[in-house]
Amino acid sequence: MMRYKPTDITVLSGEKELRISWKDGHTSRYPFGGLRKNCPCVFCQGGHGEMGKPMDPAQFLIDTPERLKLNNLKPSGNYALHMFWSDGHSTGIYRYEYLRDGCPVDAGILAPATDADS
């Protein structure tokens, strides 16, 4: 599905934001704090019984702590991103469906990115 295929993934370290442009033309914005709070790993989700919950876009309203950084980002196959955080956490594999369906721009939490934002 085009909706879940990224065409560009950009880490904006100064803005503490991850941007993903999708094949359907949409651009998602994800502040680091909200991404970290929405980590989909079993530990952060509260156990195996809690797995599979959708992303909570409201977490993107919380300011990113000044010390939180996205140290590294690697593709995991052709279906997800593996994120490595400055707090030492690195077990979250963020599926593209999870990211796109939880987009804070789509949810009305964040304004769309503009060319001036890049």
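The structure we're discussing is the one just above.
This text gives an overview of the structure that appears in the document. Note that the structure is predicted; figures quoted are calculated from it, not measured.

This paragraph deals with the sheet that holds strand β3 (residues 27-31). Two orientations exist for strands paired in a sheet by backbone hydrogen bonds: parallel and antiparallel. One open sheet accounts for 3 strands, arranged β1-β2-β3; its pairing is antiparallel. Only two strands of the sheet have a single partner each, and these edge strands are β1 (6-12) and β3. For this sheet the average axis-to-axis angle between neighbouring strands, irrespective of direction, equals 15°.

This paragraph deals with the packing of aromatic side chains. Counted according to the given criterion, the structure contains 4 aromatic pairs. Centroid distance F32 to W85: 5.9 Å. Interplanar angle 75°. Geometry classified as edge-to-face. Residue F32 is found in helix α1 (residues 32-37), and its partner W85 is found in strand β5 (residues 80-85); the two are separated by 53 residues along the sequence. Since its relative accessible area comes to 2%, F32 is described here as buried. Given the relative accessible area of 4%, W85 is considered buried.

Right, let's get into the pattern of salt bridges. Scanning the entire structure with this criterion turns up 7 salt bridges. A salt bridge links D101 to R3; the nearest nitrogen and oxygen atoms lie 3.4 Å apart. Here the residue D101 occupies a position in helix α3 (residues 96-101), and R3 occupies one in the segment before β1, the gap between them amounting to 98 residues. Using a relative accessible area of 48% as the deciding quantity, one classes D101 as partly exposed.

Read from one edge to the other, the open sheet built from 3 strands follows the order β4-β5-β6, with strand pairing classed as antiparallel. In this open sheet, the two strands that pair with only one neighbour each are β4 (70-76) and β6 (93-95). On average, each strand axis in the sheet is tilted by 30° relative to the strand beside it, whichever way the strands run.

Attention now goes to the pairing of β4. Of the strand pairs in this sheet, β4 and β5 are connected by 6 bridges, and their pairing is antiparallel. Its bridge partner being in β5, L70 is matched across the sheet by W85. Joining the antiparallel neighbours β4 and β5 is a turn of 3 residues, in which G77 adopts a positive phi near 60°.

Conventions used here
Residues numbered from 1 in each chain as written. Predicted model: local features only at pLDDT ≥ 70, side-chain atom pairs only at ≥ 80, totals over all residues. Heavy atoms only, no water. Pairing = 2+ DSSP bridges. Helix = DSSP H or I, 4+ residues; strand = E, 2+ residues; numbered from the N terminus. Axes fitted to C-alpha atoms, helices over the stretch in contact; angles between N-to-C directions. Phe/Tyr/Trp six-rings, centres within 6.5 Å; stacked < 30°, edge-to-face > 60°. Buried < 20%, exposed > 50% of the residue type's maximum accessible area, 1.4 Å probe, protein only. Salt bridge = Lys/Arg side-chain N within 4 Å of Asp/Glu carboxyl O.

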